[in-house]
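Reading the structure
The primary structure of each chain is shown beneath.
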Number of protein chains: 2
Amino acid sequence: MNTPPPTPEDPRETAPGELDAVMERAAAAAPLLAALAPGGRARLLWAVAEALDTAADDLVPLAREEAHYPEARCRGELGRTTFQLRLFADVLEDGAYLEAMVDPADPDWGTPRPDVRRLLVPLGPVVVFGASNFPFAFSTAGGDSASALAAGCPVVVKAHPGHPRLARRTAEVVTGALAGAGAPEGAFGLVEGVEAGRLAVLHPLTRAVGFTGSIPGGRALFDLAVSRPDPIPFYGELGSVNPVFVTRAAATARGGEILAGYAESANLGSGQFCTKPGVLFLPEGTGLDALAADFAGRAAAPLLNDRVVGGFARGLDTLAGHPATEVLVRGVADGDGSWSPSLLRTGLDALLEHSETLLEECFGPATLVVTYSDERRLLEAAGVLQGQLTVTVHGEEDDAIAPALLALGASVAGRVVWNGWPTGVAVTHAMTHGGPYPATTAPLHTSVGSTAIRRFLRPVTYQSVPDGLLPEALRDANPLNVPRSRNGGLPAV
Amino acid sequence: MNTPPPTPEDPRETAPGELDAVMERAAAAAPLLAALAPGGRARLLWAVAEALDTAADDLVPLAREEAHYPEARCRGELGRTTFQLRLFADVLEDGAYLEAMVDPADPDWGTPRPDVRRLLVPLGPVVVFGASNFPFAFSTAGGDSASALAAGCPVVVKAHPGHPRLARRTAEVVTGALAGAGAPEGAFGLVEGVEAGRLAVLHPLTRAVGFTGSIPGGRALFDLAVSRPDPIPFYGELGSVNPVFVTRAAATARGGEILAGYAESANLGSGQFCTKPGVLFLPEGTGLDALAADFAGRAAAPLLNDRVVGGFARGLDTLAGHPATEVLVRGVADGDGSWSPSLLRTGLDALLEHSETLLEECFGPATLVVTYSDERRLLEAAGVLQGQLTVTVHGEEDDAIAPALLALGASVAGRVVWNGWPTGVAVTHAMTHGGPYPATTAPLHTSVGSTAIRRFLRPVTYQSVPDGLLPEALRDANPLNVPRSRNGGLPAV
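Scoring rules and cut-offs
- Residues numbered from 1 in each chain as written.
- Chains lettered and ligands numbered in written order.
- Predicted model: local features only at pLDDT ≥ 70, side-chain atom pairs only at ≥ 80, totals over all residues.
- Heavy atoms only, no water.
- Least-squares fit on C-alpha atoms with pLDDT ≥ 70 in both.
- Contact = heavy atoms within 4.5 Å.
- Buried area = accessible area lost by both parts, 1.4 Å probe.
- Salt bridge = Lys/Arg side-chain N within 4 Å of Asp/Glu carboxyl O.
- Polar contact = N/O pair within 3.5 Å; in protein donor to acceptor, adjacent residues only side chain to side chain.
- Helix = DSSP H or I, 4+ residues; strand = E, 2+ residues; numbered from the N terminus.
- Nonpolar A, V, L, I, M, F, W, Y, C, P; charged D, E, K, R; others polar.
- Pairing = 2+ DSSP bridges.
- 1 Å grid on protein atoms, 1.4 Å probe; cavity = no way out; pocket = protein on both sides within 12 Å on 5 of 7 lines; lining within 4 Å.
- Points joined across faces, edges and corners; volume = space filled by probe spheres on them.
- Buried < 20%, exposed > 50% of the residue type's maximum accessible area, 1.4 Å probe, protein only.
- Axes fitted to C-alpha atoms, helices over the stretch in contact; angles between N-to-C directions.
- Parallel < 35°, antiparallel > 145°, perpendicular 65-115°, else oblique.
- Left-handed = near helix turned anticlockwise from the far one by under 90°.
- Domains from an automatic or database assignment.

1. Examining the relation of the copies chain A and chain B
- Of the transformation placing chain A onto chain B, the axial shift is 0.0 Å and the rotation is 180°, giving an RMSD of 0.0 Å. Seen this way, the second copy is the image of the first under a two-fold rotation axis.
- Interface residue correspondence from chain A to chain B reaches 99%, placing this contact among same-surface, isologous pairings.

Right, here's the structure in full:
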């Protein structure tokens, strides 16, 4: 009911033989893409970014129709997507991402040491499963595709069924731009359908998988990836409730402002962000009337698709029906896949006791307020919180509890936010969009920011290889001007 | 027959309750170890290195008895082990391993950018399974333990049953040195027995696993690690045949010297190195008599333990009984677990056809020579070689085939060696001891060299956190003098 009516060609299922052909083209492209100097690949990324920007008037209406987002949101997200492609182009031109190291032979080293030189090389074809909630920035030409292409890996996207026509049109734009810029054929491909996705994860030529989506869906694909005769890295970004802790001092000093900010962040995009703050710890006695009025006053907005609607309704029923919760605002479904926000409340003891149910992600416009009396007992949440993308602390600088809450955040999450909001992930170098399971399946990595490229690269060391036979990035004269460390020192050009 | 007679206390099995206690002590130590400034942890590593060196006369006799290695090998390996600990101490004092990044707020960035700062933090308790063939350098206080401790992760070692007494004594020395240097209790522990090992991988408090050993053993534990409700990183170094390609030009120019070097490397430590070159590609017409005489002239030497003896005998039977192989030298077992070297031959076509059997690792003193006529057809090996720790090329600098063979090496292996030998892994910054599966279960990483620390660290980003509440490494004044990148630039202090 909530997705556009299927066009004659939907849904499509890529046949196994066609999947094989796509994967073989990707594998054939892999050494050619890897052999391009970083600057050459930077030009490919620029070309894709330019083409996507140019095609905005084609792409945005499809996104509006299929993802039910307003125009401004779609244009903004497309801008973020092309910004990201250009950021990776900069990363390539800089060259430090290669982590090139030169350790000349050293007879006095203490253990035998011939000349050894190291750099990172692309893993090979990467299969990308995009997310429904970011039809541009985390989908067909999103962060996983951009970082894998930047690394020199061909990309095969499994189109998200929530926006099939946008996925196809985006893939056409990307493929055309790559071809025009001289990329090898097969550097980018698109497949469709659940079974094609499964087979792509299992395909012998696939070397890694990027995924953004739900815990059950992501875990099923992760299980496939690690069950292969040759297990491959699976970078899944799954689920997170993104807890927000408000200290007593902060609530006293600026409670109203914090609650207004919270309501805005939690309901942005109808709560359909992986960084949506879903659990709010507040001191007892904080007036919730204004927050409830804010939630109650927000109009219903369409959710992404039937699957999201179904999952949200079930999750909300579970939370609302739990004996430990009190419903402050019960959101309303308009029968057309739209929901207005819901607000529920529980106490800290109840949360600690029923954490498995109450801390399950409810993807959509719902918030659980957890009230506490003893601030120090907030730290007990560390024992029940699973891995998170973010933890947010609202406190005062001289709050006695603040250092411990920030440490709690760092112990369970990939990003710790102070007096701000987790939605709106900055695309920059120092960003981490990741965290321990189930936030992601690969806690060492991020899927946003320039270090996301590291997921698709592996180290190779050359031992005693003559200068003329070394990769250019490792030759004595450093013809590519790549920053390199020498004898373990800091990288320099 | 081949391991020392069990003492009254062998074999030991750590009871599940005791394992729980060890893991709980490790988890309690984790935040304390993480909170030590890098320099403080460097002092711990130095103390462990000093204590192990001081205890050499205790430890070496145990290693000789349990691993059946000569005195010099044992002393050399202990030296490598303490060198490694000191190298990681240097890495900590340098601080670049933290990958600290500072991106100040920037209203002109193109997408919203608050102040974000990133560094790497320890994963938490790490379980280490040592190898039998390096009772010091890849076992109780070996590379995995050293790099995990350096990262700030408590270590729980599952003692290798091939050297239980050495494992216990080493653990005593390590634990004593850590306590003396002020490490938190629980920073290092030892458990014993197959079941305790399984339970340690599955234990809820375990955050990562390091493993060096066989493909079947490692894969079984990998499968456990990824089957957990919360899958954890499993760094397994499993198997590799470490192919050596000799071009026609090289064989013509210095065939005798190459074959003599090969025999030495392949039979070092009775072929019981993970980097043992096991498959040697030679041009047809290369005289094999001298190589056969060399192999035949080498005395039998004891293998590590019964399991290695059994696996080697089965592997050799399979190779020798295969219709596509010819036995040039059949090694002899002396009935006491000693074997003399074996040399077999096949052709390139046969290898390509029967690669699954002929390219299976035969851990011990056996070599398969693969003769070829058309040098260009060597590149077809890329289609049948699984992931390798090393590929070695012996060629001439102007060999037309050399660049393609080096590229083949980089495409399947973590290290490419030119006109040298893969045994003797240099402990240095630019080393990679790793590779695609089954060389390892984690192709992005190395288990030797200073970047091995990266396996046990994950990124955390702090957003808009006031200076006084940031980790010291990220504060404006940089009180720890940690190299940091700013706005994506190169790291500097």
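2. Some thoughts on the interface of chain A and chain B
- With 74 residues of chain A in contact, the opposing surface of chain B contributes 73 residues.
- Of all residues in chain A, Leu444(A), Arg458(A) and Gln463(A) bury the most surface against chain B, accounting for 12% of the area lost on that side.
- Our count for the chain A to chain B interface comes out at zero salt bridges.
- Counting across the chain A and chain B interface gives 38 residue pairs in polar contact (both at pLDDT 80 or more).
- Elements represented by at least two residues in the side of chain A that touches chain B include exactly helix H4 (71-94), strand E1 (100-103), strand E2 (116-122), helix H8 (215-227), helix H14 (402-412), strand E16 (413-418) and strand E17 (457-463) of chain A.
- At seven residues, E17(A) tops the list of elements feeding residues into the side of chain A that touches chain B.
- Taken together, the residues of the side of chain A that touches chain B sort by class into 45 nonpolar, 15 polar and 14 charged.
- One ladder, built from three bridges, connects E17(A) with strand E16 (residues 413-418) of chain B; its direction is parallel. Counterpart to Tyr462(A) in the pairing with E16(B) is Val416(B).

3. Some words on empty space enclosed by the protein
- Taken as a whole and assessed by the stated rule, the structure comprises 10 cavities of 30 Å³ or more.
- Estimated volume of the largest cavity: approximately 410 Å³.
- Along the walls of the largest cavity sit 24 residues, with Pro233(A), Thr441(A), Pro233(B), Thr441(B) and Ala442(B) positioned nearest its centre.
- Classifying every residue of the lining of the largest cavity by side-chain character gives 20 nonpolar, four polar and no charged.

4. Here's the deal with the pattern of salt bridges
- A full pass over the atoms with the stated rule returns 62 salt bridges over all chains.
- Ionic pairing is found between Arg75(A) and Glu71(A), a salt bridge with its closest N-O pair at 2.7 Å. Of this pair, Arg75(A) and Glu71(A) both sit in helix H4, four residues apart, which is roughly one turn of that helix.
- Since its relative accessible area comes to 36%, Arg75(A) is described here as partly exposed.
- For Arg298(B), the salt bridge goes to Glu264(B), with nearest N and O atoms at 3.0 Å. One end of the pair, Arg298(B), is in the loop between helix H10 (289-296) and strand E10 (301-302); the other, Glu264(B), is in helix H9 (residues 248-267), with 34 residues separating them in the sequence.
- Shared partners join several salt bridges into a network, and the residues in it are Asp57(A), Arg64(A), Glu71(A) and Arg75(A).

5. Re the packing of helix H2 (residues 38-54) of chain B against helix H6 (residues 164-180) of chain B
All names here are of chain B.
- Here H2 crosses H6 at 135°, and the two axes come no closer than 8 Å. Classified by the angle between their axes, H2 and H6 sit oblique to one another. H6 is crossed by H2, and the crossing has right-handed handedness. Touching Leu-44, Ala-47, Val-48, Ala-51 and Leu-52 of H2 are Thr-170, Val-173, Val-174, Ala-177 and Leu-178, all from H6.
- Of the residues assigned to the contact of H2 with H6, the class counts are nine nonpolar, one polar and no charged.

6. Remarks on the domain arrangement of chain A
All names here are of chain A.
- Entries for chain A in the domain assignment read domain 1 (16-238 + 442-460 + 469-474) and domain 2 (244-418).
- When each unit is reduced to the centre of its C-alpha atoms, the spacing between domain 1 and domain 2 is 33 Å.
- Between domain 1 and domain 2, the residue contacts involve 13 residues of the former and 12 residues of the latter.
- Ranking the residues of domain 1 by area buried against domain 2 places His-68, Asn-133 and Glu-237 at the top, with a combined share of 42%.
- At the boundary of domain 1 and domain 2, one finds zero salt bridges.
- Across the contact surface, domain 1 and domain 2 share three residue pairs in polar contact (both at pLDDT 80 or more).

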